Amino acid sequence: MFKITNPKRLSPTACLSELPNILDEERIAEILLVGDGPQVFSLSIGQLESIGCRCHFARSQRGLEELLNQKQFDIVLTMHRIEGGSTDWLGAALSGSRTTLFYALPVEVGCWWVPVLRFGAECLGSPALRPREFADALDRIVDEIRTTVAKKVS
């Protein structure tokens, strides 16, 4: 596991230090939800848990750092501002890992989701996704994770 001493200076390869347990057939994906409250994630949580994903939640900068030190996440869904700071550093910190990162973009009703990283690669120029598009994107990403895990097992 890696230790965050300065969250803005996290090594791009630090997230690679914990390899997934490919023999854990129950695990499809580890998801980290980062924000002040779970309400913005309510639809995503239900969707992700229904397909076997394990969701974790961080409300603060400290909680976020602790969770990132404990495990690697396949998908991170985050708000820009959280208790104790912002999450602006996450893109740089997770770049080069296998993590997919989305930032929530609040709109008049609900939020749209901006893709920042897809399996650790930058998504520059990708459009924000409306809720239905985002739900479809999450399904595709989890399917890709499932396929990758299945290939490693066989």
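Note that the coordinates shown come from a computational prediction; the quantities given were computed from them, not determined experimentally.

Asker: Looking at this model, I keep getting lost on the overall build of the chain. Mind explaining?
Answerer: Of regular secondary structure, the chain possesses 4 helices and 8 strands. Counting helices and strands in the order they occur from the N terminus, the chain gives β-α-β-α-β-β-β-α-β-β-β-α. Across the chain, every contact between residues at least 6 apart in sequence was considered, and the portion connecting residues at least 24 apart equals 58%.

Asker: What am I meant to see in the packing of aromatic side chains here?
Answerer: Two descriptors summarise a pair of aromatic rings, namely the distance from one centre to the other and the angle between the planes of the rings. Counted by the stated rule, this structure contains 2 aromatic pairs. Ring geometry for Phe102 versus Phe134: centroids 5.1 Å apart, planes at 80 degrees, classification edge-to-face. With Phe102 in strand S6 (residues 100-106) and Phe134 in helix H4 (residues 131-153), this residue pair connects regions lying 32 residues apart in the sequence. Neither residue differs from the other here; Phe102 and Phe134 are each classed as buried.

Asker: Is there a simple way to think about the nonpolar core in this case?
Answerer: One recurring pattern in soluble globular proteins: nonpolar side chains tend to sit buried together. Core analysis: the biggest nonpolar cluster contains 23 residues, and Ile75, Leu77 and Trp113 have the highest contact counts within it. Among the secondary structure elements, those contributing two or more residues to this core are strand S1 (30-34), helix H1 (42-50), strand S3 (75-78), S6, strand S7 (111-118) and H4. Top contributing element to this core by residue count: H4, with 7 residues. Not counting residues within four places of it along the chain, the set of residues in contact with Ile75 comprises Glu30, Ile31, Leu32, Thr100, Leu138, Ile141, Val142 and Ile145.

Asker: Looking at this model, I keep getting lost on the sheet that holds S7. Mind explaining?
Answerer: Backbone-to-backbone hydrogen bonds pair the strands of a sheet. The strands run either parallel or antiparallel. As summarised here, the arrangement of the 6 strands in space is S2-S1-S3-S6-S7-S8, forming an open sheet in which the pairing is mixed. Since the sheet does not close on itself, it has two edges, and those belong to strand S2 (54-58) and strand S8 (121-122), each with one partner. Bridge count for S1 against S3 is 4 bridges, and the pairing is parallel. Bridge pairing links Val34 to Thr78 in S3. In the packing of H1 onto the sheet, the strands contacted are S1, S2 and S3, and the crossing angle to S2 comes to about 150 degrees.

Asker: I keep staring at the environment of Thr99 and nothing clicks. Help me out?
Answerer: Structurally, the position occupied by Thr99 is in the loop between helix H3 (90-94) and S6. With relative accessibility at 1%, the residue Thr99 sits in the buried group. Between the C-alpha atoms of Thr99 and Phe73, which are 26 residues apart in sequence, the distance is 6.2 Å. Contacts of Thr99, omitting those with residues within four sequence positions, involve Gln72, Phe73, Asp74, Val76, Leu94, Leu117, Arg118, Phe119 and Gly120. Polar contacts involving the side chain of Thr99 include one to the main-chain carbonyl oxygen of Phe73, which spans 2.7 Å.

What counts, and where the lines are drawn
Residues numbered from 1 in each chain as written. Predicted model: local features only at pLDDT ≥ 70, side-chain atom pairs only at ≥ 80, totals over all residues. Heavy atoms only, no water. Helix = DSSP H or I, 4+ residues; strand = E, 2+ residues; numbered from the N terminus. Contact = heavy atoms within 4.5 Å. Phe/Tyr/Trp six-rings, centres within 6.5 Å; stacked < 30°, edge-to-face > 60°. Buried < 20%, exposed > 50% of the residue type's maximum accessible area, 1.4 Å probe, protein only. Core = buried A, V, L, I, M, F, W, Y, C linked by side-chain atoms within 4.5 Å. Pairing = 2+ DSSP bridges. Axes fitted to C-alpha atoms, helices over the stretch in contact; angles between N-to-C directions. Polar contact = N/O pair within 3.5 Å; in protein donor to acceptor, adjacent residues only side chain to side chain.

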